[in-house]
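# Working through the structure, step by step
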Amino acid sequence: MTTGEDLWWPYLHFHIPNYVLAALFYTCWGRFLMSFFLPPDSENYIFRWFRRLTDWLMAPVAYITPSFVPAFFLPPVAAFWIAVSRVAFFFVMFQLGQTPIIGRGGA
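My aim in this report is to walk through the structure given alongside it, one point at a time. (Residues numbered from 1 in each chain as written. Predicted model: local features only at pLDDT ≥ 70, side-chain atom pairs only at ≥ 80, totals over all residues. Heavy atoms only, no water.)

## Focus: helix H3 (residues 74-95)
For H3, with 22 residues, the first-to-last C-alpha span of 31 Å sits near the 32 Å given by 1.5 Å per residue. All of the buried residues along H3 are Leu74, Pro75, Pro76, Ala78, Ala79, Ile82, Phe89 and Met93. For H3, the secondary structure elements touched by its buried residues are helix H1 (12-34) and helix H2 (45-64). Downstream of H3 by one or two residues, Gly97 has phi in the positive range, about 75°. (Helix = DSSP H or I, 4+ residues; strand = E, 2+ residues; numbered from the N terminus. Expected span 1.5 Å × (residues − 1). Buried < 20%, exposed > 50% of the residue type's maximum accessible area, 1.4 Å probe, protein only. Contact = heavy atoms within 4.5 Å.)

## Concerning the nonpolar core
Core analysis: the biggest nonpolar cluster contains 10 residues, these being Leu21, Leu24, Cys28, Leu57, Met58, Val61, Leu74, Ala78, Ala79 and Ile82. Secondary-structure elements contributing two or more residues to this core are H1, H2 and H3. Examining the composition of this core, we find that four residues originate from one element, H3, more than from any other. Every residue in contact with Val61, bar those within four places of it in the chain, is listed here: Leu74, Val77 and Ala78. (Core = buried A, V, L, I, M, F, W, Y, C linked by side-chain atoms within 4.5 Å.)

## A short note on the packing of aromatic side chains
Evaluated as defined, the whole model comprises 13 aromatic pairs. Centroid distance Phe14 to Phe90: 6.1 Å. Interplanar angle 65°. Geometry classified as edge-to-face. Here Phe14, found in helix H1, pairs with Phe90, found in helix H3; they are 76 residues apart in sequence, far enough to count as distant. Owing to a relative accessible area of 33%, Phe90 belongs among the partly exposed residues under this scheme. (Phe/Tyr/Trp six-rings, centres within 6.5 Å; stacked < 30°, edge-to-face > 60°.)

The structure is reproduced here in structure tokens:
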């Protein structure tokens, strides 16, 4: 069982990739939801950054996604694959004993 500061620093190799995958997941969803309100070439700085941060991911997702899925729906499909990757990453790290374990405090 780990407590306090022991939950963060010894497991930095777990937390950083997990955080990056989570940020990428929410950025994909933000890109998708903002695309309802903004055109693809919008000058909105938030939407521009969402596109910039996720454009590299759209090509591989488009490659593995069936062609009947419109390009408009690629960001949620990418978010799905990121979520799958995040769960797989957790299970691998858990099996290797590299995730923090939060237990019951007590005497």
